[in-house]
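# Structural characterization, general
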Amino acid sequence: MKRSFLVIFALLLVAGLAFAGGTQEGGSAATSEPAAKEIKNPDTFVYASYGTVESLDPARAYDEVSGGVIQNLYETLVFFDGSAVDKFVPVLCEEVPTVENGGISNGGKTYTFKIRKGIKFHSGNELTPEVVRYSFIRSLVTDPDAGPVWMLYFPLFGTYSSRDGDGNIVAKWEDLQNAIQVKGDSVVFNLKAPFPPFLAILSGYWSAIVDKDFVIANGGWDGTESTWKSYNAPANGEETLNDIASGTGPYKLDRWERGVEVVMTRNEDFHGEKPALAKGIYKVVDEWSTRKLMLLQGDADCVEVDPLYYDEMEKESGITVVKDLKELGVRAINFNQDINATDNPAIYSAKLDGDGIPSDFFTDKDVRLAFSYCWDEDTYISDILNGAGIDCPTPHVSGLPYRNDSLKRIPYDPAQAEAHFKKAWGGQVWDKGFKMDFLYNTGNEVREASVKMLAENIMKLNPKFKINVRGIEWASYVQATRARTLPLFYIGWGADYPHPDNFMTTYMHSQGVYGGRCGYNNPEADRLLEAGAIETDPAKAKEIYYRIQDIWLEDAPGIVMHQPVSRRYFKDWVKGYVFHPMENHPLIFSQFTKEY
């Protein structure tokens with residue numbers, strides 16, 4: 001790793017991440033006088049939102065709700081220092097590796113972590129260097145479809161998966177063994193090339209250290225060469241840790257009632273400072289009025305509030321509002337160019353016959369441009385987001401280096417939309433019309449209003465255009481995006497690590513999380529993204545990422561909508577919140593106390 005690049009990269013982050021304070025302290029907090037001094041459920045933290053948990057397995061989970069629960073149960077080798085995105089603290093290792101302490105060596109390709117002793121999992125099993133190594137190798141071995149393990153494959157091997165495009169296993173046992181090794185009390189990672197965001201990747205919930213003996217006792221991979229391929233790509237829901245957990249984290253899993261709640265109890269043997277609150281509960285509450293009432297009455301300590309209701313909440317007392325929280329994330333609608341047509345009601349006839357759409361409907365660039373010209377960004381920001389977002393023409397968000405701030409989005413222009421619809425599919429789209437479903441996850445009223453607005457703007461161009469908008473619960477929504485059954489989908493992306501690669505590869509690489517799910521494939525973009533991820537020369541990196549942003553606007557693979565500037569709503573007895581621009585939801589419960 002070139003230290004000069006690290007310095008420049010850090011400076012760029014500091015300059016870019018002017019998060020209006022970027023922390024709770026930086027946000028403008030308005031605290032009213034408490035309605036009463038009595039604290040309801042004083043030993044329990046209750047968080048209410050509308051997302052359902054998909055999986056508790058760190059190798060499978062790849063959504064902020066599942067990740068938010070996992071981060072309360074498990075720990076990682078290192079973690080972010082407070083609100084920083086480029087500074088770290090040791091957690092399960094004795095010190096954060098640096099060039100100066102010898103933890104980063106071999107030109108930035110070798111990371112060495114000395115593992116702490118005396119730490120036990122919830123099961124009572126002991127944390128050892130071999131367990132840490134097993135934990136990462138297990139993730140590489142299982143590598144569930146559309147999961148987060150690509151973030152380990154790329155820095156270690158320069159690939160994105162254990163499998164090729166046809167699902168054949170191409171990873172080699174010897175390579176897995178050599179990539180991560182135990183040397184004495186330490187675990188050593190051997191990267192293919194210097195990769196500056198590596199510590200940030202190891203700070204995410206996907207890098208949580210799992211309990212080897214617990215996994216094996218529950219039918220998971222036994223750690224041997226003879227069995228590893230049989231554990232690759234488990235079916236959704238069949239991963240060993242889907243609904244059980246044994247981490248080293250501050251809370252233990254008490255119970256998970258799908259679609260209702262997750263209850264966690266304090267780990268009384270926790271090696272660090274014990275949480276002040278004995279219990280943490282995540283409740284799934286789709287309806288806004290119920291969440292609001294729970295917060296105002298003290299039945300919840302924190303609830304998700306969509307921007308549509310920010311003004312409404314200004315009138316309420318007994319709550320603490322933390323404002324102007326600039327997230328390192330983006331929201332976008334993605335056009336699926338390779339829709340799974342098997343038993344798919346969302347595309348009806350699956351033909352371009354006026355009563356459906358074919359699976360490759362969005363491969364026609366005129367279709368994508370027509371949809372893009374129907375997006376009314378000004379109305380979206382002002383009326384749906386209530387101003388709580390930054391216009392973002394491409395997935396390259398504000399706060400990251402190499403962003404081209406001069407770019408403009410495709411504007412809302414019904415005349416241009418009509419012109420492209422008339423050219424699409426040789427004129428068939430305009431002449432025959434089409435029918436499809438737009439889906440959103442229930443409870444998320446921003447997404448519901450957004451897709452309805454887009455649908456209405458499209459349908460008013462031609463009475464033969466028919467779009468049905470309907471909601472499904474979050475876990476099913478995520479699974480549908482993975483199964484590629486949605487014609488298009490509105491979903492957010494929160495940074496896994498603070499580098500342009502994490503956004504642009506996600507949306508634009510043919511094997512990226514959303515690029516892959518949408519069948520987007522531009523060889524020039526793939527080549528540039530792979531080069532940009534490991535480019536250590538800032539001038540060359542800028543040239544690469546500027547060109548990638550241009551390609552986004554040329555290809556129009558989706559509609560980027562905004563970068564969130566959000567708020568958090570707490571009951572006024574809640575103390576201790578520290579905002580992080582890459583935080584998951586539910587939040588980390590161990591940071592909170594309840595007191596006046």
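Here, the structure is the one placed above.
Residues numbered from 1 in each chain as written. Predicted model: local features only at pLDDT ≥ 70, side-chain atom pairs only at ≥ 80, totals over all residues. Heavy atoms only, no water.

### A closer look at the overall build of the protein chain
The helix and strand inventory of the protein chain stands at 19 helices and 21 strands. The C-alpha atoms of the protein chain give a radius of gyration of 24 Å, which matches the 25 Å a tight globule of 596 residues would have. For the protein chain, the spread of C-alpha atoms along the principal axes amounts to about 70 × 60 × 45 Å. For the protein chain, with 596 residues in total, the buried portion stands at 59%. Counting contacts in the protein chain only where the partners sit at least 6 residues apart, residues at least 24 apart contribute 73% of the total. As presented, the protein chain carries roughly 21,700 Å² of accessible surface, and 48% of it is formed by carbon and sulfur atoms. For the protein chain, the separation between the mean place of its 60 positive charges and that of its 83 negative charges on side chains is 1 Å. (Helix = DSSP H or I, 4+ residues; strand = E, 2+ residues; numbered from the N terminus. Rg over C-alpha atoms; globule rule 2.2 N^0.38 Å. Buried < 20%, exposed > 50% of the residue type's maximum accessible area, 1.4 Å probe, protein only. Contact = heavy atoms within 4.5 Å. Areas by Shrake-Rupley, 256 points an atom, 1.4 Å probe, with all protein chains shown as cover. Lys, Arg positive; Asp, Glu negative; His and termini not counted. Charge placed at Lys NZ, Arg CZ, Asp CG, Glu CD.)

### Quick word on unusual backbone geometry
For the peptide bond that leads from H585 to P586, omega is 10 degrees, which places it in the cis range. Structurally, P586 can be placed in the loop between β20 (574–575) and β21 (593–594). At Y402, a residue that is not glycine, the phi angle is positive and equals roughly 70 degrees. Checked against the element boundaries, Y402 lands in the loop between β15 (389–391) and α12 (414–423). Positioned with a positive phi, A556 is a non-glycine residue whose angle comes to about 50 degrees.

### Here's the deal with empty space enclosed by the protein
As enumerated under the stated definition, the model contains three cavities of 30 Å³ or more in all. Roughly 100 Å³ of volume is contained in the largest cavity. Looking at the largest cavity, the residues that line it are S372, W375, P393, R409, I410, W552, L553, A556, G558, I559 and V560. For the lining of the largest cavity, the secondary structure elements donating two or more residues are α19 (538–555) and β19 (558–571). Examining the composition of the lining of the largest cavity, we find that three residues originate from one element, β19, more than from any other. Here the residues of the lining of the largest cavity sort into eight nonpolar, two polar and one charged. Size it by volume and the second largest cavity reaches roughly 50 Å³. A breakdown of the residues in the lining of the second largest cavity according to their chemical character gives seven nonpolar, three polar and no charged. (1 Å grid on protein atoms, 1.4 Å probe; cavity = no way out; pocket = protein on both sides within 12 Å on 5 of 7 lines; lining within 4 Å. Points joined across faces, edges and corners; volume = space filled by probe spheres on them. Nonpolar A, V, L, I, M, F, W, Y, C, P; charged D, E, K, R; others polar.)

### Points about the packing of aromatic side chains
Evaluated as defined, the whole model comprises 47 aromatic pairs. Ring centres of Y62 and W206 lie 6.3 Å apart, and the angle between their planes is 80 degrees; on these two criteria the pair is classed as edge-to-face. Highlighted residues: Y62 in the loop between β2 (44–49) and α2 (64–73) and W206 in the loop between α6 (198–201) and α7 (212–217), separated in sequence by 144 residues. Accessibility expressed as a relative area gives 9% for Y62, which makes it buried. The lysine or arginine in question, R258, covers the ring of W256, its NZ or CZ lying 4.1 Å from the ring centre. Taking the ring centre of Y490 as reference, the NZ or CZ of R447 above it sits at 5.3 Å. (Phe/Tyr/Trp six-rings, centres within 6.5 Å; stacked < 30°, edge-to-face > 60°. Lys NZ or Arg CZ within 6 Å of the ring centre and 35° of its normal.)

### Here we look at the side chain of R133
Counting through the fold element by element, R133 comes out in helix α3 (residues 129–142). No salt bridge is formed by the buried R133; the nearest opposite charge belongs to E130, separated by 4.0 Å. (Salt bridge = Lys/Arg side-chain N within 4 Å of Asp/Glu carboxyl O.)

### Some details on the pattern of salt bridges
A full pass over the atoms with the stated rule returns 33 salt bridges. Among the salt bridges present, the one from R60 reaches E239, with a minimum N-O distance of 3.3 Å. With R60 in the loop between β2 and α2 and E239 in the loop between α7 and β9 (251–257), this pair connects stretches of sequence that are 179 residues apart. Judged on exposure class, the residue R60 and its partner E239 are both buried. For R163, the salt bridge identified is with D143, shortest N-O distance 3.7 Å. A residue pair is termed long-range when its members are at least 10 positions apart, and R163 in the loop between α4 (150–157) and α5 (173–179) and D143 in the loop between α3 and α4 qualify at 20 residues.

### Observations regarding the side chain of T52
Summarising the element assignment, T52 is placed in the loop between β2 and α2. Within the structure, T52 has its side chain in polar contact with the backbone nitrogen of A475 (distance 2.7 Å). Setting aside residues no more than four positions away along its own chain, T52 makes contact with D63, V65, G259, V284, E473, W474 and A475. (Polar contact = N/O pair within 3.5 Å; in protein donor to acceptor, adjacent residues only side chain to side chain.)

### What to know about the layout of surface pockets
Estimates place the volume of the second largest pocket at around 870 Å³. Taken together, 30 residues line the second largest pocket, and the ones lying closest to its centre are D145, A146, S161, R163 and G516. Elements represented by at least two residues in the lining of the second largest pocket include exactly α15 (474–482) and α17 (513–517). Looking at the lining of the second largest pocket element by element, the count peaks at three residues for α17. Within the lining of the second largest pocket, the residues separate by chemical class into nine nonpolar, 11 polar and 10 charged.

### Overview of the packing of helix α11 (residues 377–384) against helix α14 (residues 445–459)
Running from N to C, α11 and α14 point in directions that differ by 150 degrees, and their axes come no closer than 11 Å. By the angle class used here, α11 and α14 are roughly antiparallel. Seen along the crossing, α11 lies across α14 with a hand that is right-handed. From α11, T379, Y380 and I384 reach across to α14, where they touch V446, A449, S450 and M453. Of the residues in the contact of α11 with α14, the class split is five nonpolar, two polar and no charged. (Axes fitted to C-alpha atoms, helices over the stretch in contact; angles between N-to-C directions. Parallel < 35°, antiparallel > 145°, perpendicular 65-115°, else oblique. Left-handed = near helix turned anticlockwise from the far one by under 90°.)

### Topic: the sheet that holds strand β5 (residues 104–105)
Strands sit in the order β5-β6-β8-β7 across an open sheet of four strands; the sheet is antiparallel. With partners counted over all chains shown, the strands left at the sheet margins are β5 and β7 (180–183), one partner each. Bridge analysis of strand β6 (residues 110–114) against strand β8 (residues 186–190) gives five bridges, and the strand direction is antiparallel. The partner of Y111 across the bridge, within β8, is F189. Each of β7 and β8 is contacted by α3, which is oriented at about 175 degrees to β7, the strand it contacts most. (Pairing = 2+ DSSP bridges.)

### Examining α15
Within α15, seven of the nine residues are buried, which leaves it mostly tucked inside the rest of the structure. If you check which residues of α15 are buried, you get W474, A475, Y477, V478, A480, T481 and R482. The inward-facing, buried residues of α15 contact α2, β16 (434–441), α14, β17 (465–472), β18 (488–494) and α17. Within two residues after α15, R484 carries a phi angle of roughly 60 degrees, on the positive side.

### So, helix α16 (residues 500–508)
By the criterion of burial, α16 is predominantly enclosed, with nine of the nine residues buried. The complete set of buried residues in α16 reads P500, D501, N502, F503, M504, T505, T506, Y507 and M508. Looking at the buried positions of α16, the neighbouring elements they touch are α4, β14 (329–335), β18, α17, α18 (523–534) and α19.

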